[in-house]
Amino acid sequence: MAREIAEGTLGGDFDRADRADIQSKVSDAEEAAKDEVWGGYRYAVIADSQEPDGLKAIDLGAGHSSGGETLCGRVITALKSQALLNESVGAGYIERNWPPALKESGAWPLASLRQSFLNGSLTRLLDPDIILRGKIVECVSRGDFGLASGQKPDGSYERVWFNEPVGAEEVAFEPGVFLLLKGRAKSLKTAPEPGLEPEPAPGPEPEPTPGPGPEPKPAPTPVVGTRTFRITGDVPPEIWNRLGTKVLPKLRSGVGVKIGIEFSVTVEGQLAQSFEADLRQILDDLGLTGRVQVE
């Protein structure tokens, strides 16, 4: 009706005082509707693995539409006040919260690192992708961390950055890109490349020896064994799809994958340690630690 009056459709049926009264009532109704909506948003619920049911409810308090903020801003303010949301993160915080399963390898997949800032394992960020990418570029450039990509079977990488400029495009949140602890990055950068070992210094000429004898047989090359992992346990239905997208691709990197009521995979012995650490971190990201065992 207010629109019809404003457009003049009913203008002839109302005098100026009546029209002003109608506009005032429409404005009051709009404010009342906004207040009703604001009053309905009293709680925000976020995922929290520390809670018994995996959810944390946050009381936003009484709100009012005339407060000069948006509903989204109200939620963000409440999260910040309880230290559940931050605008940035420091190198020390990441190092203190480095997963124990990845301490020995010193390499944290960036995909897993990003997920930890999304699922509540670590503090939440306003924009995880932008903040983490900028922070990693900064930390790698000044030598707080290293960055690596292209993991090889022997545990080394095709490319390693440490204490040097790195482009933001290299910081990809993919399984093949890793954040490295300072010690691990330094050892990778100082390790000699294969085939470039220094030649021994020349020494005195050897004295002549008696005639040639039988040549010694070469020592047998040690055979690297394999190790088989079995993954068993109870998986809740709500994460069946996520289990398939997280765990199965990792199992396919080995040979002889068997899938039934349990998971089994065989990998080379020299890769077993890093494989197990990655697998345990994936299960931890899914919140399955304690429910699914890796044998």
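For the structure, see preceding data.
Residues numbered from 1 in each chain as written. Predicted model: local features only at pLDDT ≥ 70, side-chain atom pairs only at ≥ 80, totals over all residues. Heavy atoms only, no water.

Now for the pairing of strand β11 (residues 263-268). Here β11 lies mainly inside the structure; 5 of its 6 residues are buried. Note: strand β9 (residues 226-233) against β11, 6 bridges, orientation antiparallel. Across the sheet, the residue bridging to I231 is F263, located in β11. (Buried < 20%, exposed > 50% of the residue type's maximum accessible area, 1.4 Å probe, protein only. Helix = DSSP H or I, 4+ residues; strand = E, 2+ residues; numbered from the N terminus. Pairing = 2+ DSSP bridges.)

Packing of helix α5 (residues 110-118) against helix α6 (residues 128-142) brings their axes to within 11 Å, and their N-to-C directions diverge by 130°. In this view, α5 runs oblique relative to α6, as classed from their interaxial angle. For the crossing formed where α5 meets α6, the hand is right-handed. Between α5 and α6, the residues in contact are L110, L113, R114, F117 and L118 and P128, D129, L132 and I136, respectively. Taken together, the residues that form the contact of α5 with α6 break down as 7 nonpolar, no polar and 2 charged. (Axes fitted to C-alpha atoms, helices over the stretch in contact; angles between N-to-C directions. Parallel < 35°, antiparallel > 145°, perpendicular 65-115°, else oblique. Left-handed = near helix turned anticlockwise from the far one by under 90°. Contact = heavy atoms within 4.5 Å. Nonpolar A, V, L, I, M, F, W, Y, C, P; charged D, E, K, R; others polar.)

All right, on to the nonpolar core then. Core analysis: the largest hydrophobic core is formed by 28 residues, its most contacted members being I94, L110 and L147. Elements with a minimum of two residues in this core: α4 (91-96), α5, α6 and β8 (177-180). Tallying contributions element by element places α6 first for this core, with 6 residues. Not counting the four nearest positions on each side in its chain, I94 is found in contact with V89, W108, L113, F117, F145 and L179. Counting residues in each nonpolar core, the second largest holds 18 residues, with F229, A272, L286 and V292 among its members. (Core = buried A, V, L, I, M, F, W, Y, C linked by side-chain atoms within 4.5 Å.)

Taken by themselves, the reported measurements are silent on function.
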